[in-house]
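# Summary of structural features
One-letter residues, chain by chain:
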Amino acid sequence: MEDRNKFDVNEQNKDRSIGMPSSYREEDVVLLLKNITGLVEPQPTQEREKLIQSGRHYSEMLPIEYVPTEKYMQVYEESLKQYAKPVANAVGVLSDKIMQRRGKDVVLVSLARAGIPIGILIRHYIRYKYNLDVPHYSISIIRGRGIDDNAMKYLLKHYHADQLLFVDGWIGKGAILNELKKDISAYEGVSSEIAVIADPANVTDLCGTHEDILIPSSCLNSTVSGLVSRTFLRSDIIGENDFHGAVFYENLRDADLSYDFIDAIEKEFSTANHEDSISVEGYGIDEVREIAEEFGIDDINLIKPGIGEATRVLLRRVPWKILIDERYREDAQLGHLIRLAEEKQVPVEYYPMKHYKCCGMIKKLADT
C-alpha cells in the first residue's frame, strides 16, 4: 500500500502556482480556482436578480460587492466579540469528530467561498490540539451545475480518494449537500460526507452544532473570505480544462478582515469542547416547505433559512422579507440582520420556527 503520508503540506506548497491569489497565507489553503480578475463586469443586484429569475444561472454573473456602512461594521465587530467563543467551541467539536472519523491523513477540501475560512479554522485547530498540519484545498461546487471536475481530478491525482473530506460553513436547506451527493458518485471512493460548523437542517452528524448559530464570517462578503469572489462558471471564460473561476479583489486590501476573523475565533480555542444536546425532530427542508405554503411561495429556492443564508439574501439578493423566530426577537446574534434590513428597508416579521432562528425570503420580481 502506498504511504499515505507521501502527500503532505509540502506537496500542497509545491503546487502553489496552480491556485489563484487570495489574502490567505500560502500554507493555509490552495484555491483550485481560475483567476478571472478583470474578465467579468460585476452587475447590480436588481439587474442580476431579474436575470436569475428569468432563467439565467447565478454562476454566470458576479454581484457588485456590498460595501458595509460604519454602523453595520460596528454590529459585525460586536457579533464577533460575542460569538467567537461558541464558534470556537463548534470548530473544536467538529475537528475532534474529524480526527476520530478520518485520522491524521485527512485532506480538507473546503467549498468556496463560505467554506474557506472554516477549513482554515479546522486546520488551525488540528495543529493546535493534535500537532498535525493537514493539507487544505478549496474547490467550487455550484447548485445546478455541479462540482468542479477538473479540481476533483487534480485532487485525485495527488491523494487517495478516501482522504478527501469536504468542508462548508453551514447547512441551510441542504441544497449543496444534495448536489454533492449527486456529483460525488462519479468519483469512486470519495465520500459525499460534509463537515460543517452549524447544521440546523439536521442532515449531518459531522457538525459542530445543530443550533442555528451566528458564524460571523457570514456577515460579510470577500473581506472576510480572503478577498475572493463567489465562484463563476461561463463557457466563454471558463474553458474545458479550467477550474471554475473567481475574482481577487486587490482593491479591497485595506478593508480585509479575513485574519481578524480567524484570529478572533482562534483565541477562544480550547482542548476541551462541549457538544450540545440540541435535538429537533424532522428536517429543515420540511419546515422550509411549510413556510413556502404559508407565504404562497411556489419556488423554495426563494427561501433561504438560517442565519448565514438570511444574511446572504440581504447582502447580495433582492429581499422580500426576513422572518425571525419569535423566541429571538431581542437576540444580539441577529443584530446584523436587523441593521441590514433597516438599511435596505426590508420588512422583518416574527414567525415561529423550530430549526432556524431566522429566514430570508427573496422577492419574486413580477416583471421578469
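Attention in this report is confined to the structure presented alongside it. The shown structure was predicted, so the numbers you read here are calculated from the model rather than taken from an experiment.

Membership of the largest hydrophobic core comes to 66 residues, with the highest contact counts inside it found for Tyr76, Ile98, Ile122, Ile197, Ile215, Phe261 and Ile265. Looking at this core, the elements with two or more residues in it are helix 3 (70-102), helix 4 (115-130), strand 7 (164-170), strand 8 (194-198), helix 7 (258-266), helix 9 (307-316), strand 12 (319-324) and helix 10 (335-343). Each residue touching isoleucine 215, except ones within four places of it in the same chain, is listed here: Val87, Ile118, Gly169, Trp170, Ile197, Ala198 and Phe261. Counting residues in hydrophobic clusters, the runner-up holds 43 residues, among them Val30, Tyr159, Leu180 and Ile362.

According to the stated counting rule, one finds eight aromatic pairs in the structure shown. Feature note: the residues Tyr125, Tyr128 and Phe269 constitute an aromatic cluster, connected by ring pairs. Sitting over the face of the ring of tyrosine 259, arginine 25 holds its NZ or CZ atom 4.0 Å from the ring centroid. The aromatic ring of tryptophan 320 is capped on one face by lysine 321, whose charged end is 4.5 Å from the ring centroid.

This part takes up the sheet that holds strand 7. Here six strands make up an open sheet; going across it, the order is 1-4-3-7-8-9 and the pairing parallel. The open sheet has two edge strands with one neighbour each: strand 1 (30-31) and strand 9 (207-209). In the sheet, strand 1 pairs with strand 4 (residues 136-139) via two bridges, with the strands oriented parallel. Opposite valine 30, over in strand 4, you have tyrosine 137 as the bridge partner. Packing against the sheet, helix 4 makes contact with strand 1, strand 3 (107-111), strand 4, strand 7 and strand 8, and its axis sits at approximately 115 degrees to strand 7.

Taken as a whole, this structure holds 28 salt bridges when the rule is applied. Glutamate 60 is the salt-bridge partner of arginine 145, the closest N and O atoms lying 3.0 Å from each other. Placement of the pair is arginine 145 in the loop between strand 5 (141-142) and strand 6 (146-147) and glutamate 60 in the loop between helix 2 (45-53) and helix 3, with a sequence separation of 85 residues. Judged by its relative accessible area of 17%, glutamate 60 is buried. Residue glutamate 211 is joined to lysine 357 by a salt bridge in which the shortest nitrogen-to-oxygen separation is 2.6 Å. Separated by 146 residues along the polypeptide, glutamate 211 in the loop between strand 9 and strand 10 (245-246) and lysine 357 in the loop between strand 13 (348-350) and strand 14 (358-362) bring together distant segments of the chain. A network of salt bridges, in which partner residues are shared, links Arg25, Asp28, Arg123, Arg127 and Asp133.

Reading guide: rules and limits
- Residues numbered from 1 in each chain as written.
- Predicted model: local features only at pLDDT ≥ 70, side-chain atom pairs only at ≥ 80, totals over all residues.
- Heavy atoms only, no water.
- Core = buried A, V, L, I, M, F, W, Y, C linked by side-chain atoms within 4.5 Å.
- Buried < 20%, exposed > 50% of the residue type's maximum accessible area, 1.4 Å probe, protein only.
- Helix = DSSP H or I, 4+ residues; strand = E, 2+ residues; numbered from the N terminus.
- Contact = heavy atoms within 4.5 Å.
- Phe/Tyr/Trp six-rings, centres within 6.5 Å; stacked < 30°, edge-to-face > 60°.
- Lys NZ or Arg CZ within 6 Å of the ring centre and 35° of its normal.
- Pairing = 2+ DSSP bridges.
- Axes fitted to C-alpha atoms, helices over the stretch in contact; angles between N-to-C directions.
- Salt bridge = Lys/Arg side-chain N within 4 Å of Asp/Glu carboxyl O.

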